[in-house]
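Below are the chains, spelled out letter by letter.
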Amino acid sequence: MTPFPYPRKARAHGFSLVEVVLAIGVVAFGFVAIFALLPAGFGIFRKAMETSVGSQIAQRVINDAQQTDFLTLVDIANLPPGPNNRICEAHFTFRGPKVNDPGFHYFDDQGDEVIPAQGNALSANEKQRVIYWVATRVMPRTEAVGATSDDQDSDRLATLTVQVVRNPSNLAITFNPPDPASDPNRNLVKPSPGISIVTHAVLISRNQ
């Protein structure tokens, strides 16, 4: 009787060392290319988030201004009168909240306002939270399109300029001088290294 033959062991097949090294090299090359794009992608994402938060802050300030009494918004009590006791265009430029009391609004990286707990000065801990500084400027007398210089309705329209300044390092911020009166940038934040500025402008009308 012929004995039952033992089955031959199947020969194991695998990759050679050269094939493994080549595969690792191809994968590594692909990962290097992907990793090189990550910093640029993160930078674009961060910039988009900053733009979004800045726009939300500006819209919040604009909404607050639109709900404010018009005469309070233009600080009518502190504006020198112009010809015929009307608001003079030469005095239109100032920083909010008042002509004689300019100031900033402060916001953190989430767009939440940072309000000083004591007085008008931020504490050291509060300053560490501040990322965005917001300055406002109001033009109390704005002439509508087609209006004349003698049009009384020009005293019923104001231009609000909101500047959202990203200043995470709490650098010193300066303003352009108020003169000459013909300079459209007077009393606006002066550009400087280390800060970025986005400016928004809207018209606000007096309802009464």
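Thresholds applied
- Residues numbered from 1 in each chain as written.
- Predicted model: local features only at pLDDT ≥ 70, side-chain atom pairs only at ≥ 80, totals over all residues.
- Heavy atoms only, no water.
- Helix = DSSP H or I, 4+ residues; strand = E, 2+ residues; numbered from the N terminus.
- Buried < 20%, exposed > 50% of the residue type's maximum accessible area, 1.4 Å probe, protein only.
- Contact = heavy atoms within 4.5 Å.
- Areas by Shrake-Rupley, 256 points an atom, 1.4 Å probe, with all protein chains shown as cover.
- Expected span 1.5 Å × (residues − 1).
- Bend = angle between axes of the 7 residues up to and from the residue.
- Lys, Arg positive; Asp, Glu negative; His and termini not counted.
- Salt bridge = Lys/Arg side-chain N within 4 Å of Asp/Glu carboxyl O.
- Polar contact = N/O pair within 3.5 Å; in protein donor to acceptor, adjacent residues only side chain to side chain.
- Phe/Tyr/Trp six-rings, centres within 6.5 Å; stacked < 30°, edge-to-face > 60°.
- pLDDT = per-residue confidence, 0-100.
- Pairing = 2+ DSSP bridges.
- Axes fitted to C-alpha atoms, helices over the stretch in contact; angles between N-to-C directions.

A closer look at the overall build of the chain
Of regular secondary structure, the chain possesses three helices and six strands. Ordered by position in the sequence, the α and β elements of the chain form the string α-α-β-β-β-α-β-β-β. Expressed as a percentage of its 208 residues, the buried residues of the chain come to 30%. Considering only contacts in the chain between residues 6 or more positions apart, those separated by 24 or more positions represent 64%. Put simply, the chain shows about 14,300 Å² of open surface, and 59% of that area lies on carbon and sulfur atoms.

Regarding helix α1 (residues 17-66)
Owing to its 3.6 residues per turn, the α-helix brings residues three or four apart onto one side. Relative to the 74 Å expected for 50 residues at 1.5 Å per residue, α1 spans 73 Å between its end C-alpha atoms, a close match to the ideal helical length. At L38, α1 is deflected by roughly 30°, the largest bend along its length, and proline P39 occurs up to four residues later in sequence. Of the residues making up α1, those classed as buried are E50, V53, G54, I57, A58, V61, I62 and A65. Those residues of α1 that are buried lie in contact with α2 (70-73), β3 (105-107), β4 (132-139), β5 (157-166) and β6 (196-205).

What to know about the side chain of R137
Secondary-structure assignment places R137 in strand β4. Comment: no salt bridge for buried R137; closest opposite-charge side chain is D183, at 7.3 Å. Only 3.0 Å separates the side chain of R137 from the backbone oxygen of P184, close enough to count as a polar contact.

A few points about the pattern of salt bridges
If you walk through the whole model with that rule in mind, you get four salt bridges. The residue E50 makes a salt bridge to R46 at a minimum N-O spacing of 2.8 Å. Separated by four residues within a single helix, E50 and R46 lie in helix α1, roughly one turn from each other. According to the relative accessible area criterion, E50 is buried, its value standing at 14%.

Describing the packing of aromatic side chains
Taken as a whole and judged by the stated rule, the model has four aromatic pairs. Between F104 and Y106, the aromatic rings sit 6.3 Å apart at their centres with planes inclined by 40°, giving tilted as the arrangement. Taking the centre distance of 5.3 Å and the plane angle of 75° together, the rings of Y106 and W133 count as edge-to-face. Taken as a pair, Y106 in strand β3 and W133 in strand β4 lie far apart in primary sequence, 27 residues in all. Taking the relative accessible area as the measure of exposure, Y106 reaches 14% and is therefore buried. Residue classification places W133 among the buried residues on the basis of a relative accessible area of 13%. Taken together, F104, Y106, W133 and F175 form an aromatic cluster joined through their ring pairs.

Considering the confidence of the model for the chain
Overall, the predicted model of the chain reaches an average pLDDT of 78, with 75% of residues at or above 70. Between the elements of the chain, mean pLDDT differs from a low of 58, seen in strand β1 (residues 97-98), to a high of 92, seen in β6.

So, the sheet that holds β3
Here we have four strands laid out as an open sheet, ordered β3-β4-β5-β6, and antiparallel in their pairing. Of all the strands in the sheet, the pair left with one neighbour each is β3 and β6. This sheet shows a mean twist of 25° between the axes of neighbouring strands, independent of strand direction. For β4 and β5, the ladder comprises eight bridges, and the chain directions are antiparallel. Opposite R137, over in β5, you have T161 as the bridge partner. Helix-sheet contacts for α1 involve β3, β4, β5 and β6, and the interaxial angle to β5 is about 150°.

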